[in-house]
Amino acid sequence: VGEIGNTLASSPSMGSDGDHLYVAWFDLRNNRLRMMRSQDGTEWKNTHPIRSSTIRGPALAASKSEGLVMAWRQADYRLALRGSSNRTDSDRWKLLNERAASKPALLRRKNEVYCAWVGIDDQRLNVRWSEDGGENWRDDDKIVLQATSITSPALGRIKGAFVWAWIDTKGKLTTLTYDLF
C-alpha cells in the first residue's frame, strides 16, 4: 500500500507514461493543485504544487513519448491545461476560452490531446482537440453535442474511435462512439 499523506482533497486522477504513474488532486488545505509520480505505485515523489484557483480535481493524460497533460476547471469556470514534455514541468499552462460546469476529461493519442467538458450555460457536451500535444487549440477543432449532462464526462478510445460516456440530465448513463481518428 502506498500512502501519499494526509490531505483534504478532491477525487484524484491518474495517468501513466509506461515508466511512471502520476497522481494529481486539488488540496483543500492550501487551495493548490498537487501532482506526484511513482515508479512502482507505492513510493511517491516530487510533489508539484500548481498555483491556480480551482474547486474541482484535475484530469490527467500521459504517453511515453509525448509527456503529460493535465486539465482542470478554474474557480472562474474557465478551462486550464498544462502540458509537459519532460513530465514534471509545472510552469507551462494555457487557458482555453471555454467555460466548464464540472471537471474536464482528457484523452491522449500520440501527440493529439482531447479535452471534453460540460458547458456551463447549456450543459451540452463539448470536446476540443490539439494536434501538437496541447500547445495550440484551434477554434475549428471543436464538437458540441446536442446531448446534455449533469456530471463530468469520460473519454476513451477503441479500434480507432473516440468514445464518450456521460450521465444525461435524466440520470441515464449514455455512451457515444465518434470517429475522430
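Up top is the structure these notes are about.
What comes next concerns the included structure. (Residues numbered from 1 in each chain as written. Predicted model: local features only at pLDDT ≥ 70, side-chain atom pairs only at ≥ 80, totals over all residues. Heavy atoms only, no water.)

## Focus on the nonpolar core
Right, on to step 1. Ranked by size, the top nonpolar core spans 14 residues in total, and within it Tyr114, Leu125, Val127, Leu145, Leu155, Phe162 and Trp164 carry the most contacts.
Right, on to step 2. Broken down by secondary-structure element, the contributors of at least two residues to this core are β8 (105-109), β9 (112-118), β10 (124-130), β11 (142-148) and β13 (161-167). (Core = buried A, V, L, I, M, F, W, Y, C linked by side-chain atoms within 4.5 Å. Buried < 20%, exposed > 50% of the residue type's maximum accessible area, 1.4 Å probe, protein only. Helix = DSSP H or I, 4+ residues; strand = E, 2+ residues; numbered from the N terminus.)

## Digging into the environment of Gly67
Right, on to step 1. Checked against the element boundaries, Gly67 lands in strand β5 (residues 67-73).
Right, on to step 2. Separated by 44 residues in sequence, Gly67 and Asn111 have C-alpha atoms that sit 9.0 Å apart.

## Some points on the packing of aromatic side chains
Right, on to step 1. Following the criterion strictly, the structure yields 4 aromatic pairs and no others.
Right, on to step 2. Aromatic side chains Tyr114 and Trp129 sit 6.2 Å apart centroid to centroid with 35 degrees between the ring planes, which places their arrangement in the tilted category. In this pair, Tyr114 sits in strand β9 while Trp129 sits in strand β10, placing the two residues 15 residues apart along the sequence. When sorted by exposure, Tyr114 lands in the same class as Trp129, which is buried.
Right, on to step 3. Relative to Phe162, the ring of Tyr114 lies with its centre 5.7 Å away and its plane at 45 degrees, an arrangement referred to as tilted. Here Tyr114, found in strand β9, pairs with Phe162, found in strand β13; they are 48 residues apart in sequence, far enough to count as distant.
Right, on to step 4. Taken together, the ring pairs in this structure connect Tyr114, Trp129, Phe162, Trp164 and Trp166 into an aromatic cluster. (Phe/Tyr/Trp six-rings, centres within 6.5 Å; stacked < 30°, edge-to-face > 60°.)

## Some words on the pattern of salt bridges
A side chain of one charge can pair with a side chain of the opposite charge when the charged atoms of the two come close.
Right, on to step 1. All chains considered together, the criterion is met by 6 salt bridges.
Right, on to step 2. Note that Asp141 is salt-bridged to Arg138, the shortest N-O span being 2.8 Å.
Right, on to step 3. Asp141 sits in the buried class, given a relative accessible area of 7%.
Right, on to step 4. Connected through salt bridges with shared partners, the residues Glu98, Arg128, Asp139 and Lys142 form a single ionic network. (Salt bridge = Lys/Arg side-chain N within 4 Å of Asp/Glu carboxyl O.)

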